[in-house]
Amino acid sequence: MAVPVKDGDDVTGVLGASVYLEGITEALKDELPGTVFYAVDKEGKFALNSDTGLISQEVMINDGNTSFGRAVEYMLFTGEGSVEYESQGKNWNAEFRKSPLTGWIYAVAESA
């Protein structure tokens, strides 16, 4: 992550930081056993995922034409609510909400 440092309208520098989402993922797994969770950023990539191997991957490249891909499109368009989808041979019920701060969609799903 990076933000510009400004003096009036002039950019005088850049402030950057690294955020390691794997630690957050492991903490959430402990707090939410039996669920899957994920956040999808404004570019359609997993910003957070209970499967850490999917972090930073584009959702629609992997799942665009699947039940899950259609559910993510609905989440991005709607911004808040619940949706059902099929993934990994199971049916899932997800609750989701768009963050006004980041624009990311956060979702928690349980097997139906």
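Residues numbered from 1 in each chain as written. Predicted model: local features only at pLDDT ≥ 70, side-chain atom pairs only at ≥ 80, totals over all residues. Heavy atoms only, no water.

## Structural notes on helix 3 (residues 67-78)
Between the first and last C-alpha of helix 3 there are 16 Å, a value that for twelve residues agrees with the 16 Å anticipated at 1.5 Å per step. Among the residues of helix 3, those classed as buried are F68, G69, A71, V72 and M75. All buried residues of helix 3 fall inside an arc of 160° around its axis, so they share one side. Positive backbone phi, approximately 90°, marks G79, located one or two places after helix 3. (Helix = DSSP H or I, 4+ residues; strand = E, 2+ residues; numbered from the N terminus. Expected span 1.5 Å × (residues − 1). Buried < 20%, exposed > 50% of the residue type's maximum accessible area, 1.4 Å probe, protein only. Arc of directions from axis to C-beta.)

## Digging into the packing of aromatic side chains
Scanning the model with the defined rule gives six aromatic pairs in all. Look at Y74 and F96: their rings are 6.0 Å apart centre to centre, the planes differ by 80°, and that puts the pair in the edge-to-face class. With Y74 in helix 3 and F96 in strand 6 (residues 90-98), this residue pair connects regions lying 22 residues apart in the sequence. What makes Y74 partly exposed here is its relative accessible area of 39%. A relative accessible area of 4% means that F96 is categorised as buried. Look at W104 and Y106: their rings are 6.0 Å apart centre to centre, the planes differ by 40°, and that puts the pair in the tilted class. Judged by relative accessible area, Y106 falls into the partly exposed class, the value being 34%. An aromatic cluster is present here, built from Y38, F46, F68 and Y85 joined pairwise through their rings. (Phe/Tyr/Trp six-rings, centres within 6.5 Å; stacked < 30°, edge-to-face > 60°.)

## Section: the pairing of strand 5 (residues 80-87)
When strand 5 meets strand 6, the two strands line up antiparallel, connected through eight bridges. Bridge pairing in strand 6 places V83 opposite A94. Connecting strand 5 to the next strand, strand 6, in antiparallel fashion are two residues, including Q88 with a positive phi near 55°. (Pairing = 2+ DSSP bridges.)

## Notes on the pattern of salt bridges
Per the stated rule, a full pass over the model turns up one salt bridge. Note that R97 is salt-bridged to E80, the shortest N-O span being 3.1 Å. Placement of the pair is R97 in strand 6 and E80 in strand 5, with a sequence separation of 17 residues. Overall, E80 belongs to the partly exposed group, its relative accessible area being 49%. (Salt bridge = Lys/Arg side-chain N within 4 Å of Asp/Glu carboxyl O.)

## Here's the deal with the confidence of the model for the protein
Predicted confidence across the protein gives a mean pLDDT of 86, with 93% of residues reaching 70 or more. Within the protein, strand 6 carries the highest mean pLDDT (96), whereas helix 2 (residues 59-63) carries the lowest (67). (pLDDT = per-residue confidence, 0-100.)

## Examining the sheet that holds strand 5
Hydrogen bonds along the backbone pair up the strands of a sheet, which may run parallel or antiparallel. One open sheet holds the five strands; their spatial order is 4-3-7-6-5, and the pairing between them is antiparallel. Two strands lie at the open edges of the sheet, namely strand 4 (46-49) and strand 5, each paired on one side alone. The average undirected angle you get between the axes of adjacent strands in this sheet is 25°. (Axes fitted to C-alpha atoms, helices over the stretch in contact; angles between N-to-C directions.)

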